[in-house]
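# Structural overview
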Amino acid sequence: MTNFSKNFILIACLLMAVCGMEPAFAQKQTVDSTKKSGKVIMSMNPENPDTVFTANAYFTVNLLSTFPTDRSGTLSYVITGAGGKKIKAESQHVKLTSTCPIGYPFSIPIIHSGTYKIGFTLKLSEYQDTISNTFIIKGQEEHPDSALIVTISPHSSDGIFATNAAYTLGVSSTFPSAQKATLAYLVTTMAGKKVKADSIHISVASSGTASYDFNIPPVQPGFYKINFMVNSEFYADTIIKAFGIKPQLVRSQHGKPADFEAFWQQAKTELAKVKPEYKVTEIANCRDNRRVFEVEMKSLDGLLIRGFLTEPKSHIKGKKFAVLLGLPGYQVPLGPMYGTDPDIAIFTLNIRGSGYSRDVINVRRETYIVLNLEDKNRYVMRGAIMDCVRAVDFIYSRPELRHDNIIAAGGSLGGFLALATCGVDNRISFCSAANPILCDVRNLVHEVDWPLIDINLYIKTRPGLTMDKVMDNLDYFDGKNFASDIKCKTLVGMGMLDNIAPPDHVYAAYNELNTDKHIIIFRDLAHEIGRWYNVYEGRWMRDTFALF
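Starting from 1, residues in each chain are numbered consecutively following that chain's sequence as written. The model is predicted, so local features are restricted to residues of pLDDT at least 70 and side-chain atom pairs to those at 80 or more, both for listing and for counting; the totals for chains, interfaces and linings are taken over all residues. Derived side-chain values reflect all non-hydrogen atoms in the structure, with water molecules and hydrogen atoms excluded from consideration.

Moving on: the overall build of the protein chain. When helices and strands are counted, the protein chain shows 10 helices and 25 strands. For the protein chain, the C-alpha radius of gyration of 25 Å lies close to 24 Å, the compact-globule estimate for 548 residues. Each residue gets one of three labels from its accessible area relative to the maximum for its type: buried under 20%, exposed over 50%, partly exposed in between, using a 1.4 Å probe on protein chains only. In the protein chain, which comprises 548 residues, the share counted as buried stands at 56%. Pairs at least 24 residues apart make up 68% of the contacts formed inside the protein chain by residues separated by at least 6 positions. As displayed, the protein chain offers around 23,400 Å² of accessible surface, 50% of which is attributable to carbon and sulfur atoms. In this count, Lys and Arg are taken as positive residues and Asp and Glu as negative ones, while His and the chain termini are left out. To locate a charge, take NZ of a lysine, CZ of an arginine, CG of an aspartate or CD of a glutamate. The averaged location of the 54 negative side-chain charges in the protein chain is 4 Å from the averaged location of its 58 positive side-chain charges. Secondary structure elements are taken from DSSP: a helix is a run of H or I of four residues or more, a strand is a run of E of two residues or more, and numbering for both begins at the N terminus. Each radius of gyration reported is based on C-alpha atoms, and the globular scaling rule is 2.2 Å times the count of residues to the power 0.38. Should any heavy atoms of two residues lie within 4.5 Å, those residues are considered in contact. Exposure was quantified through the Shrake-Rupley algorithm and a 1.4 Å probe, taking into account, for residues, occlusion by the shown protein chains and nothing else.

The subject of this paragraph is the sheet that holds strand S1 (residues 40-46). We treat two strands as partners when DSSP finds at least two bridges between them. Spatially, 3 strands are ordered S1-S3-S6 in an open sheet, and the strand pairing comes out antiparallel. Of all the strands in the sheet, the pair left with one neighbour each is S1 and strand S6 (102-108). Adjacent strand axes in the sheet meet at a mean angle of 20° when their direction is disregarded. Bridge count for strand S3 (residues 57-65) against S6 is 7 bridges, and the pairing is antiparallel. Residue pairing for S6: Phe-59 is matched across the bridge by Phe-106. Working convention: axes come from line fits to C-alpha atoms, limited for helices to the stretch in contact. Angles between N-to-C directions cover 0 to 180 degrees.

It is possible for side chains of opposite charge to pair when their charged atoms get near one another. Put simply, a salt bridge is a Lys or Arg side-chain nitrogen that is within 4 Å of an Asp or Glu carboxyl oxygen. In total, this model carries 24 salt bridges according to the counting rule given. Of the charged contacts in the structure, one is a salt bridge between Arg-352 and Asp-301, with a shortest N-O distance of 3.5 Å. Within this pair, whereas Arg-352 is found in the loop between strand S21 (344-350) and helix H3 (365-368), its partner Asp-301 is found in the loop between strand S18 (290-298) and strand S19 (304-312), the two being separated by 51 residues in sequence. With a relative accessible area of 58%, Asp-301 lands in the exposed category. Asp-425 serves as the salt-bridge partner of Arg-427, at 2.7 Å between the closest nitrogen and oxygen.

Let us now look at helix H7 (residues 467-474). Buried residues of H7: Val-470, Met-471, Asn-473 and Leu-474, and no others. Down the axis of H7, the buried side of the element spans an arc of 160°, and every buried residue falls inside it. In this structure, the buried residues of H7 make contact with helix H6 (452-460). Directions drawn from the helix axis to the C-beta atoms are what define this arc.

With that out of the way, let us pick up unusual backbone geometry. The peptide bond linking Trp-450 to Pro-451 adopts the cis configuration, its omega dihedral lying at 10°. Within the fold, Pro-451 resides in the loop between strand S23 (430-434) and H6. Within the chain, Leu-438 stands out as a residue other than glycine whose phi angle is a positive 55°. Among the structural elements, Leu-438 can be located in the loop between S23 and H6. Note on Leu-438: relative accessible area 6%, which makes it buried. Phi angles above zero are rare outside glycine, and Asp-440 is one such case at about 50°. Note on placement: Asp-440 falls in the loop between S23 and H6.

Okay, the pairing of strand S9 (residues 148-154) next. Residues Leu-148, Val-150, Ile-152 and Pro-154 line the buried face of S9, whereas the alternating positions Ile-149, Thr-151 and Ser-153 sit on a face that is not buried. Two strands pair when backbone bridges link them, and S9 and strand S11 (residues 165-173) are joined in this way by 7 bridges, in the antiparallel orientation. Bridging from a neighbouring strand, Pro-154 pairs with Tyr-167 of S11.

This is how it looks when you write it as C-alpha coordinates:
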(Lines give C-alpha, C1' and ligand atoms only; values in the text may rest on other atoms or scores of the structure.)
Protein backbone atom coordinates (compact mmCIF):
# COMPACT_ATOMS: atom_id res chain seq x y z
CA MET A 1 0.00 0.00 0.00
CA THR A 2 1.38 3.45 -0.91
CA ASN A 3 1.89 6.21 1.66
CA PHE A 4 -0.89 8.15 -0.05
CA SER A 5 -3.33 5.25 0.20
CA LYS A 6 -2.49 4.78 3.86
CA ASN A 7 -2.97 8.49 4.46
CA PHE A 8 -6.45 8.90 3.07
CA ILE A 9 -7.60 5.74 4.82
CA LEU A 10 -6.30 7.28 8.05
CA ILE A 11 -8.18 10.51 7.37
CA ALA A 12 -11.34 8.62 6.45
CA CYS A 13 -11.29 7.01 9.87
CA LEU A 14 -10.70 10.37 11.53
CA LEU A 15 -13.64 12.00 9.77
CA MET A 16 -15.89 9.09 10.70
CA ALA A 17 -14.85 9.65 14.28
CA VAL A 18 -15.22 13.40 14.42
CA CYS A 19 -18.60 13.25 12.73
CA GLY A 20 -19.84 10.94 15.46
CA MET A 21 -19.53 7.75 13.40
CA GLU A 22 -16.38 6.43 15.02
CA PRO A 23 -14.66 3.33 13.69
CA ALA A 24 -13.97 0.73 16.32
CA PHE A 25 -10.46 2.00 17.02
CA ALA A 26 -11.62 5.61 17.55
CA GLN A 27 -14.18 4.94 20.26
CA LYS A 28 -13.54 6.51 23.64
CA GLN A 29 -9.93 5.40 23.59
CA THR A 30 -8.81 7.27 26.66
CA VAL A 31 -6.47 6.29 29.43
CA ASP A 32 -7.29 7.45 32.93
CA SER A 33 -3.94 8.07 34.57
CA THR A 34 -5.68 8.83 37.87
CA LYS A 35 -6.94 5.26 38.18
CA LYS A 36 -3.91 3.04 38.35
CA SER A 37 -6.01 -0.12 38.43
CA GLY A 38 -7.53 0.72 35.06
CA LYS A 39 -11.02 0.78 33.62
CA VAL A 40 -12.85 -0.02 30.41
CA ILE A 41 -14.08 2.77 28.15
CA MET A 42 -17.37 1.76 26.57
CA SER A 43 -19.19 3.35 23.64
CA MET A 44 -22.12 2.32 21.52
CA ASN A 45 -22.53 2.74 17.75
CA PRO A 46 -25.99 2.19 16.25
CA GLU A 47 -25.90 1.19 12.58
CA ASN A 48 -28.33 4.01 11.88
CA PRO A 49 -27.14 7.26 13.53
CA ASP A 50 -30.73 8.35 14.21
CA THR A 51 -31.38 4.99 15.95
CA VAL A 52 -34.50 4.40 13.85
CA PHE A 53 -34.77 0.90 12.36
CA THR A 54 -37.36 -0.73 10.14
CA ALA A 55 -36.51 -4.32 11.08
CA ASN A 56 -33.60 -5.64 13.12
CA ALA A 57 -31.73 -3.09 15.22
CA TYR A 58 -27.94 -3.22 14.97
CA PHE A 59 -25.49 -1.90 17.55
CA THR A 60 -21.74 -2.26 17.97
CA VAL A 61 -20.32 -1.89 21.47
CA ASN A 62 -16.70 -0.78 21.47
CA LEU A 63 -14.46 -1.54 24.44
CA LEU A 64 -11.03 -0.22 25.33
CA SER A 65 -9.35 -1.63 28.42
CA THR A 66 -6.77 0.38 30.35
CA PHE A 67 -6.12 -2.47 32.77
CA PRO A 68 -2.46 -3.53 32.68
CA THR A 69 -3.38 -7.18 32.09
CA ASP A 70 -5.88 -9.09 29.94
CA ARG A 71 -9.40 -9.36 31.35
CA SER A 72 -12.33 -11.67 30.61
CA GLY A 73 -15.99 -11.30 31.43
CA THR A 74 -19.45 -10.89 29.90
CA LEU A 75 -21.14 -8.23 27.82
CA SER A 76 -24.91 -8.33 27.96
CA TYR A 77 -27.87 -6.25 26.87
CA VAL A 78 -31.37 -5.76 28.20
CA ILE A 79 -34.14 -4.17 26.15
CA THR A 80 -37.04 -2.56 27.95
CA GLY A 81 -40.24 -1.10 26.57
CA ALA A 82 -43.01 1.07 27.94
CA GLY A 83 -43.05 1.21 31.71
CA GLY A 84 -39.63 -0.45 31.91
CA LYS A 85 -41.01 -3.85 30.90
CA LYS A 86 -38.22 -6.25 29.95
CA ILE A 87 -38.51 -7.29 26.29
CA LYS A 88 -35.30 -9.12 25.40
CA ALA A 89 -31.90 -9.92 26.89
CA GLU A 90 -28.70 -11.56 25.70
CA SER A 91 -25.08 -11.92 26.81
CA GLN A 92 -21.77 -13.09 25.40
CA HIS A 93 -18.27 -13.78 26.67
CA VAL A 94 -15.64 -11.10 26.02
CA LYS A 95 -11.86 -10.97 26.32
CA LEU A 96 -10.08 -7.63 26.55
CA THR A 97 -6.41 -6.94 25.88
CA SER A 98 -4.82 -3.87 27.45
CA THR A 99 -5.04 -0.73 25.23
CA CYS A 100 -6.28 -2.74 22.23
CA PRO A 101 -9.80 -1.63 21.25
CA ILE A 102 -12.32 -4.24 20.16
CA GLY A 103 -15.90 -4.01 18.91
CA TYR A 104 -18.73 -6.46 19.56
CA PRO A 105 -21.68 -6.33 17.13
CA PHE A 106 -25.22 -7.09 18.26
CA SER A 107 -28.18 -7.78 15.99
CA ILE A 108 -31.44 -7.32 17.84
CA PRO A 109 -34.14 -9.69 16.53
CA ILE A 110 -37.24 -8.11 15.04
CA ILE A 111 -39.62 -6.73 17.65
CA HIS A 112 -42.88 -4.84 17.34
CA SER A 113 -42.91 -1.18 16.31
CA GLY A 114 -42.29 1.19 19.20
CA THR A 115 -39.68 3.02 21.27
CA TYR A 116 -37.30 0.98 23.38
CA LYS A 117 -34.34 1.42 25.70
CA ILE A 118 -31.29 -0.79 25.40
CA GLY A 119 -28.68 -1.08 28.12
CA PHE A 120 -25.34 -2.83 27.66
CA THR A 121 -23.57 -4.05 30.80
CA LEU A 122 -19.95 -5.15 30.97
CA LYS A 123 -19.03 -7.38 33.91
CA LEU A 124 -15.46 -8.24 34.76
CA SER A 125 -13.94 -9.43 38.00
CA GLU A 126 -14.37 -6.53 40.45
CA TYR A 127 -15.48 -4.21 37.66
CA GLN A 128 -18.84 -3.34 36.09
CA ASP A 129 -20.14 -0.56 33.83
CA THR A 130 -23.30 0.13 31.83
CA ILE A 131 -24.20 2.36 28.89
CA SER A 132 -27.65 2.81 27.40
CA ASN A 133 -29.52 4.39 24.52
CA THR A 134 -33.02 4.53 23.09
CA PHE A 135 -34.05 3.32 19.65
CA ILE A 136 -37.17 3.14 17.54
CA ILE A 137 -38.57 0.30 15.48
CA LYS A 138 -40.81 1.74 12.78
CA GLY A 139 -41.58 -1.57 11.17
CA GLN A 140 -41.90 -2.19 7.49
CA GLU A 141 -44.91 -0.92 5.60
CA GLU A 142 -47.24 -3.59 4.38
CA HIS A 143 -47.06 -3.50 0.59
CA PRO A 144 -48.48 -6.08 -1.78
CA ASP A 145 -46.03 -8.30 -3.57
CA SER A 146 -46.24 -6.08 -6.66
CA ALA A 147 -44.90 -2.54 -6.79
CA LEU A 148 -44.15 0.47 -8.94
CA ILE A 149 -40.42 1.01 -8.72
CA VAL A 150 -39.14 4.54 -9.31
CA THR A 151 -35.55 5.37 -10.21
CA ILE A 152 -34.38 8.98 -10.29
CA SER A 153 -31.56 10.30 -12.46
CA PRO A 154 -30.68 13.99 -12.03
CA HIS A 155 -29.21 15.65 -15.09
CA SER A 156 -26.26 16.73 -12.95
CA SER A 157 -23.85 14.42 -11.15
CA ASP A 158 -23.73 16.50 -7.96
CA GLY A 159 -27.30 17.86 -8.03
CA ILE A 160 -26.13 21.40 -8.84
CA PHE A 161 -27.76 23.25 -11.75
CA ALA A 162 -27.17 26.58 -13.44
CA THR A 163 -30.86 27.29 -14.20
CA ASN A 164 -33.55 24.63 -14.35
CA ALA A 165 -33.24 21.47 -12.31
CA ALA A 166 -33.90 18.46 -14.50
CA TYR A 167 -34.59 14.81 -13.70
CA THR A 168 -35.49 11.65 -15.54
CA LEU A 169 -37.74 9.28 -13.62
CA GLY A 170 -37.86 5.66 -14.60
CA VAL A 171 -40.98 3.75 -13.52
CA SER A 172 -41.13 -0.03 -13.72
CA SER A 173 -44.01 -2.24 -12.69
CA THR A 174 -44.10 -5.71 -11.22
CA PHE A 175 -47.90 -5.80 -11.32
CA PRO A 176 -49.43 -8.52 -13.52
CA SER A 177 -51.64 -5.92 -15.25
CA ALA A 178 -51.26 -2.38 -16.58
CA GLN A 179 -51.27 0.30 -13.91
CA LYS A 180 -52.51 3.87 -14.05
CA ALA A 181 -50.78 6.21 -11.63
CA THR A 182 -49.97 9.81 -10.85
CA LEU A 183 -46.35 10.93 -10.91
CA ALA A 184 -45.79 14.22 -9.09
CA TYR A 185 -43.11 16.43 -7.62
CA LEU A 186 -43.13 19.03 -4.87
CA VAL A 187 -40.30 21.55 -4.50
CA THR A 188 -39.83 23.27 -1.15
CA THR A 189 -37.21 25.46 0.45
CA MET A 190 -34.92 23.72 2.91
CA ALA A 191 -37.24 25.07 5.62
CA GLY A 192 -40.23 23.32 4.02
CA LYS A 193 -41.97 26.27 2.32
CA LYS A 194 -43.71 25.21 -0.90
CA VAL A 195 -42.11 26.63 -4.05
CA LYS A 196 -43.38 24.63 -7.02
CA ALA A 197 -45.39 21.50 -7.76
CA ASP A 198 -46.60 19.57 -10.79
CA SER A 199 -47.94 16.15 -11.71
CA ILE A 200 -48.67 13.95 -14.70
CA HIS A 201 -50.82 10.88 -15.23
CA ILE A 202 -49.04 7.80 -16.46
CA SER A 203 -49.84 4.27 -17.50
CA VAL A 204 -47.29 1.50 -17.05
CA ALA A 205 -47.77 -1.75 -18.89
CA SER A 206 -47.79 -5.12 -17.19
CA SER A 207 -44.23 -5.82 -16.06
CA GLY A 208 -43.27 -2.81 -18.16
CA THR A 209 -40.94 0.17 -17.86
CA ALA A 210 -41.33 3.80 -18.86
CA SER A 211 -39.32 7.01 -18.35
CA TYR A 212 -40.43 10.60 -17.89
CA ASP A 213 -38.48 13.86 -17.95
CA PHE A 214 -39.14 16.64 -15.44
CA ASN A 215 -37.77 20.15 -15.92
CA ILE A 216 -38.28 22.30 -12.85
CA PRO A 217 -39.04 25.95 -13.73
CA PRO A 218 -36.34 28.41 -12.64
CA VAL A 219 -36.07 29.30 -8.97
CA GLN A 220 -33.82 31.68 -7.06
CA PRO A 221 -30.21 30.69 -6.34
CA GLY A 222 -30.02 28.39 -3.32
CA PHE A 223 -30.89 24.87 -2.25
CA TYR A 224 -34.22 23.09 -2.38
CA LYS A 225 -35.79 19.80 -1.43
CA ILE A 226 -37.79 17.93 -4.02
CA ASN A 227 -40.21 15.10 -3.27
CA PHE A 228 -41.10 12.72 -6.08
CA MET A 229 -44.35 10.85 -5.47
CA VAL A 230 -45.95 7.95 -7.28
CA ASN A 231 -49.54 6.99 -6.46
CA SER A 232 -51.77 4.29 -7.92
CA GLU A 233 -54.81 2.43 -6.67
CA PHE A 234 -52.63 -0.20 -4.99
CA TYR A 235 -49.31 1.51 -4.39
CA ALA A 236 -47.80 4.75 -3.10
CA ASP A 237 -44.22 5.88 -2.56
CA THR A 238 -42.26 9.11 -1.99
CA ILE A 239 -38.58 9.71 -2.66
CA ILE A 240 -36.85 12.79 -1.25
CA LYS A 241 -33.96 14.47 -3.03
CA ALA A 242 -32.37 17.92 -3.03
CA PHE A 243 -30.79 20.20 -5.60
CA GLY A 244 -28.93 23.49 -5.79
CA ILE A 245 -29.24 26.42 -8.18
CA LYS A 246 -26.13 28.60 -8.64
CA PRO A 247 -24.90 28.02 -5.07
CA GLN A 248 -21.89 30.25 -5.71
CA LEU A 249 -24.34 33.15 -5.35
CA VAL A 250 -25.58 32.09 -1.91
CA ARG A 251 -24.81 34.77 0.65
CA SER A 252 -26.14 35.38 4.13
CA GLN A 253 -27.97 38.65 4.62
CA HIS A 254 -26.44 38.84 8.08
CA GLY A 255 -22.97 40.34 8.49
CA LYS A 256 -20.47 39.69 11.25
CA PRO A 257 -19.99 41.97 14.25
CA ALA A 258 -17.67 44.93 13.71
CA ASP A 259 -15.57 43.82 16.68
CA PHE A 260 -15.44 40.14 15.65
CA GLU A 261 -11.66 40.02 15.18
CA ALA A 262 -11.08 42.11 18.32
CA PHE A 263 -13.24 39.69 20.33
CA TRP A 264 -11.13 36.72 19.27
CA GLN A 265 -7.86 38.58 19.68
CA GLN A 266 -8.87 39.25 23.27
CA ALA A 267 -9.58 35.53 23.76
CA LYS A 268 -6.12 34.65 22.42
CA THR A 269 -4.53 37.28 24.65
CA GLU A 270 -6.21 35.70 27.67
CA LEU A 271 -5.09 32.24 26.54
CA ALA A 272 -1.49 33.39 26.18
CA LYS A 273 -1.47 34.36 29.86
CA VAL A 274 -2.29 30.78 30.88
CA LYS A 275 0.83 28.64 31.24
CA PRO A 276 0.16 25.43 29.29
CA GLU A 277 2.00 23.16 31.74
CA TYR A 278 2.29 20.41 29.15
CA LYS A 279 2.45 16.91 30.55
CA VAL A 280 3.32 14.22 28.02
CA THR A 281 3.27 10.58 29.09
CA GLU A 282 4.08 7.69 26.80
CA ILE A 283 1.53 4.92 27.20
CA ALA A 284 1.46 1.28 26.17
CA ASN A 285 -0.28 0.48 22.91
CA CYS A 286 -0.98 -2.49 20.71
CA ARG A 287 0.55 -1.09 17.51
CA ASP A 288 4.22 -1.79 16.89
CA ASN A 289 4.61 0.97 14.29
CA ARG A 290 3.58 3.93 16.49
CA ARG A 291 4.48 5.57 19.76
CA VAL A 292 1.49 6.85 21.73
CA PHE A 293 1.50 9.71 24.21
CA GLU A 294 -1.19 10.98 26.53
CA VAL A 295 -1.09 14.80 26.61
CA GLU A 296 -2.41 17.10 29.32
CA MET A 297 -2.31 20.89 29.18
CA LYS A 298 -3.93 23.97 30.62
CA SER A 299 -6.15 26.08 28.40
CA LEU A 300 -8.29 29.21 28.75
CA ASP A 301 -9.54 29.84 32.30
CA GLY A 302 -6.91 27.38 33.54
CA LEU A 303 -9.01 24.35 32.52
CA LEU A 304 -7.22 21.06 32.03
CA ILE A 305 -7.72 19.47 28.60
CA ARG A 306 -6.37 16.24 27.18
CA GLY A 307 -5.43 14.66 23.92
CA PHE A 308 -3.41 11.86 22.38
CA LEU A 309 -0.38 12.12 20.15
CA THR A 310 0.66 9.17 18.02
CA GLU A 311 3.94 9.30 16.12
CA PRO A 312 5.39 6.86 13.61
CA LYS A 313 8.49 5.00 14.72
CA SER A 314 11.31 6.03 12.40
CA HIS A 315 14.91 4.98 11.92
CA ILE A 316 15.69 8.34 10.31
CA LYS A 317 17.49 10.50 12.85
CA GLY A 318 15.88 13.89 13.30
CA LYS A 319 12.88 13.06 11.12
CA LYS A 320 10.05 15.55 11.49
CA PHE A 321 6.40 14.65 10.96
CA ALA A 322 3.55 16.56 9.39
CA VAL A 323 0.64 16.77 11.83
CA LEU A 324 -3.01 15.88 11.54
CA LEU A 325 -4.93 17.74 14.27
CA GLY A 326 -8.16 15.79 14.76
CA LEU A 327 -11.04 17.82 16.19
CA PRO A 328 -14.05 16.10 17.76
CA GLY A 329 -17.65 15.86 16.67
CA TYR A 330 -20.36 16.85 19.12
CA GLN A 331 -19.66 15.11 22.42
CA VAL A 332 -17.51 12.53 20.64
CA PRO A 333 -14.55 11.25 22.68
CA LEU A 334 -11.34 11.03 20.68
CA GLY A 335 -8.71 8.56 21.77
CA PRO A 336 -5.38 7.79 20.14
CA MET A 337 -5.59 7.30 16.39
CA TYR A 338 -2.86 5.10 15.05
CA GLY A 339 -2.80 5.01 11.29
CA THR A 340 -0.01 3.52 9.21
CA ASP A 341 1.38 6.54 7.37
CA PRO A 342 5.10 6.95 8.25
CA ASP A 343 5.03 10.70 7.50
CA ILE A 344 2.06 11.77 9.62
CA ALA A 345 1.77 12.29 13.36
CA ILE A 346 -1.77 12.53 14.70
CA PHE A 347 -2.89 14.67 17.60
CA THR A 348 -6.49 14.05 18.64
CA LEU A 349 -7.97 16.66 20.95
CA ASN A 350 -10.71 16.38 23.55
CA ILE A 351 -12.04 19.90 24.01
CA ARG A 352 -13.36 21.03 27.40
CA GLY A 353 -16.49 19.22 28.50
CA SER A 354 -16.08 16.52 25.87
CA GLY A 355 -14.60 13.04 25.90
CA TYR A 356 -11.61 12.85 28.21
CA SER A 357 -11.69 16.55 29.19
CA ARG A 358 -14.70 16.59 31.48
CA ASP A 359 -13.03 17.37 34.82
CA VAL A 360 -14.73 20.74 35.38
CA ILE A 361 -17.37 20.84 32.66
CA ASN A 362 -19.36 17.62 32.85
CA VAL A 363 -22.88 18.27 31.59
CA ARG A 364 -25.58 16.34 29.78
CA ARG A 365 -25.25 16.01 26.02
CA GLU A 366 -28.17 18.35 25.28
CA THR A 367 -26.87 20.97 27.73
CA TYR A 368 -23.38 21.33 26.29
CA ILE A 369 -24.24 23.36 23.18
CA VAL A 370 -26.04 26.01 25.25
CA LEU A 371 -23.71 26.22 28.26
CA ASN A 372 -23.41 29.89 29.29
CA LEU A 373 -24.93 30.99 25.99
CA GLU A 374 -26.31 34.15 27.62
CA ASP A 375 -22.76 35.55 27.86
CA LYS A 376 -20.48 35.46 24.81
CA ASN A 377 -17.42 35.80 27.04
CA ARG A 378 -18.37 32.71 29.03
CA TYR A 379 -20.00 30.62 26.28
CA VAL A 380 -18.51 27.14 26.18
CA MET A 381 -17.54 27.44 22.52
CA ARG A 382 -15.22 30.37 23.27
CA GLY A 383 -13.16 28.12 25.50
CA ALA A 384 -13.47 25.16 23.12
CA ILE A 385 -12.04 27.16 20.23
CA MET A 386 -9.21 28.36 22.45
CA ASP A 387 -8.59 24.71 23.37
CA CYS A 388 -7.94 24.09 19.68
CA VAL A 389 -5.53 27.04 19.57
CA ARG A 390 -3.76 25.62 22.62
CA ALA A 391 -3.46 22.32 20.71
CA VAL A 392 -1.60 24.21 18.00
CA ASP A 393 0.61 25.70 20.73
CA PHE A 394 1.39 22.15 21.82
CA ILE A 395 2.30 21.10 18.29
CA TYR A 396 4.64 24.08 18.09
CA SER A 397 6.28 23.00 21.35
CA ARG A 398 7.36 19.65 19.89
CA PRO A 399 10.64 19.69 17.94
CA GLU A 400 9.82 16.44 16.10
CA LEU A 401 6.66 17.92 14.55
CA ARG A 402 6.50 20.04 11.40
CA HIS A 403 5.17 23.42 12.46
CA ASP A 404 4.61 24.44 8.84
CA ASN A 405 2.63 21.30 7.92
CA ILE A 406 -0.47 21.17 10.12
CA ILE A 407 -3.90 20.11 8.92
CA ALA A 408 -6.92 20.80 11.14
CA ALA A 409 -9.63 18.30 10.27
CA GLY A 410 -13.04 17.45 11.63
CA GLY A 411 -16.65 16.77 10.83
CA SER A 412 -19.90 18.19 12.24
CA LEU A 413 -18.82 20.13 15.35
CA GLY A 414 -15.27 19.16 14.40
CA GLY A 415 -15.83 20.78 10.99
CA PHE A 416 -16.98 23.96 12.72
CA LEU A 417 -13.97 23.85 15.04
CA ALA A 418 -11.67 23.44 12.03
CA LEU A 419 -13.12 26.58 10.41
CA ALA A 420 -13.03 28.52 13.68
CA THR A 421 -9.48 27.49 14.57
CA CYS A 422 -8.12 28.29 11.13
CA GLY A 423 -9.97 31.60 11.23
CA VAL A 424 -8.32 32.73 14.46
CA ASP A 425 -4.93 30.98 14.10
CA ASN A 426 -2.94 31.42 10.89
CA ARG A 427 -0.33 28.83 11.90
CA ILE A 428 -2.41 26.06 10.31
CA SER A 429 -1.54 25.12 6.73
CA PHE A 430 -4.63 23.19 5.66
CA CYS A 431 -8.26 23.17 6.80
CA SER A 432 -10.64 20.26 6.22
CA ALA A 433 -14.23 20.84 7.36
CA ALA A 434 -16.84 18.17 6.67
CA ASN A 435 -20.51 18.97 7.37
CA PRO A 436 -19.62 21.97 9.57
CA ILE A 437 -22.45 22.95 11.92
CA LEU A 438 -23.25 26.44 13.25
CA CYS A 439 -22.88 28.23 9.92
CA ASP A 440 -25.16 31.19 9.14
CA VAL A 441 -26.77 30.61 12.53
CA ARG A 442 -29.42 33.33 12.29
CA ASN A 443 -31.01 31.52 9.36
CA LEU A 444 -31.12 28.19 11.20
CA VAL A 445 -34.33 29.29 12.92
CA HIS A 446 -37.32 27.39 11.45
CA GLU A 447 -34.97 25.31 9.27
CA VAL A 448 -33.41 22.78 11.66
CA ASP A 449 -34.52 21.09 14.85
CA TRP A 450 -31.08 20.96 16.46
CA PRO A 451 -29.66 22.93 18.14
CA LEU A 452 -32.75 25.20 18.09
CA ILE A 453 -34.74 22.86 20.33
CA ASP A 454 -32.04 22.96 23.01
CA ILE A 455 -31.59 26.72 22.59
CA ASN A 456 -35.30 27.40 23.04
CA LEU A 457 -35.42 25.23 26.15
CA TYR A 458 -32.40 27.06 27.55
CA ILE A 459 -33.99 30.47 26.94
CA LYS A 460 -37.02 29.41 28.98
CA THR A 461 -34.78 28.69 31.98
CA ARG A 462 -33.06 32.09 31.88
CA PRO A 463 -35.33 35.03 32.84
CA GLY A 464 -34.75 37.95 30.53
CA LEU A 465 -32.88 35.96 27.91
CA THR A 466 -34.33 36.25 24.40
CA MET A 467 -33.62 34.66 21.03
CA ASP A 468 -32.42 38.05 19.78
CA LYS A 469 -29.81 38.17 22.55
CA VAL A 470 -28.77 34.59 21.83
CA MET A 471 -28.32 35.39 18.15
CA ASP A 472 -26.31 38.50 19.00
CA ASN A 473 -23.95 36.25 20.96
CA LEU A 474 -23.87 33.46 18.36
CA ASP A 475 -22.75 35.97 15.72
CA TYR A 476 -19.31 35.62 17.34
CA PHE A 477 -19.46 31.83 16.87
CA ASP A 478 -20.81 31.63 13.32
CA GLY A 479 -18.77 29.47 10.95
CA LYS A 480 -19.26 31.89 8.07
CA ASN A 481 -17.76 34.72 10.12
CA PHE A 482 -14.59 32.71 10.76
CA ALA A 483 -14.39 31.68 7.10
CA SER A 484 -13.60 35.15 5.80
CA ASP A 485 -10.48 35.25 8.01
CA ILE A 486 -9.05 31.89 6.90
CA LYS A 487 -5.80 32.17 4.94
CA CYS A 488 -4.88 28.50 4.39
CA LYS A 489 -6.12 26.03 1.80
CA THR A 490 -9.58 24.79 2.72
CA LEU A 491 -11.58 21.73 1.76
CA VAL A 492 -15.28 21.52 2.62
CA GLY A 493 -17.60 18.53 2.33
CA MET A 494 -21.36 18.45 2.64
CA GLY A 495 -24.40 16.24 2.18
CA MET A 496 -27.23 17.75 0.16
CA LEU A 497 -29.85 16.19 2.44
CA ASP A 498 -28.19 17.30 5.69
CA ASN A 499 -30.74 18.59 8.20
CA ILE A 500 -28.12 19.49 10.83
CA ALA A 501 -25.69 21.41 8.62
CA PRO A 502 -28.02 22.35 5.73
CA PRO A 503 -26.33 22.89 2.36
CA ASP A 504 -27.33 26.55 2.04
CA HIS A 505 -25.69 27.24 5.41
CA VAL A 506 -22.51 25.37 4.51
CA TYR A 507 -22.36 27.30 1.24
CA ALA A 508 -22.90 30.59 3.06
CA ALA A 509 -19.66 29.84 4.89
CA TYR A 510 -17.86 28.41 1.86
CA ASN A 511 -18.58 31.50 -0.21
CA GLU A 512 -16.94 33.66 2.46
CA LEU A 513 -13.60 31.89 1.99
CA ASN A 514 -11.07 34.09 0.22
CA THR A 515 -8.39 31.45 -0.23
CA ASP A 516 -7.57 28.36 -2.28
CA LYS A 517 -10.68 26.27 -1.68
CA HIS A 518 -12.70 23.33 -2.93
CA ILE A 519 -16.07 21.86 -1.99
CA ILE A 520 -17.28 18.29 -2.52
CA ILE A 521 -21.04 17.73 -2.58
CA PHE A 522 -22.77 14.42 -1.94
CA ARG A 523 -26.23 14.81 -3.43
CA ASP A 524 -27.79 11.76 -1.77
CA LEU A 525 -26.18 11.94 1.69
CA ALA A 526 -27.30 13.66 4.87
CA HIS A 527 -24.97 14.48 7.81
CA GLU A 528 -22.11 12.47 6.38
CA ILE A 529 -19.59 12.40 3.56
CA GLY A 530 -18.52 9.79 1.04
CA ARG A 531 -15.16 8.14 0.46
CA TRP A 532 -14.23 10.46 -2.41
CA TYR A 533 -13.85 13.30 0.10
CA ASN A 534 -11.12 11.38 1.91
CA VAL A 535 -9.37 10.51 -1.35
CA TYR A 536 -9.37 14.13 -2.51
CA GLU A 537 -8.29 15.36 0.91
CA GLY A 538 -5.39 12.94 1.06
CA ARG A 539 -4.13 13.92 -2.39
CA TRP A 540 -4.43 17.65 -1.75
CA MET A 541 -2.82 17.42 1.67
CA ARG A 542 0.15 15.39 0.50
CA ASP A 543 0.65 17.77 -2.40
CA THR A 544 0.46 20.78 -0.07
CA PHE A 545 2.88 19.24 2.42
CA ALA A 546 5.16 17.86 -0.34
CA LEU A 547 4.78 14.31 0.97
CA PHE A 548 5.47 12.43 -2.25
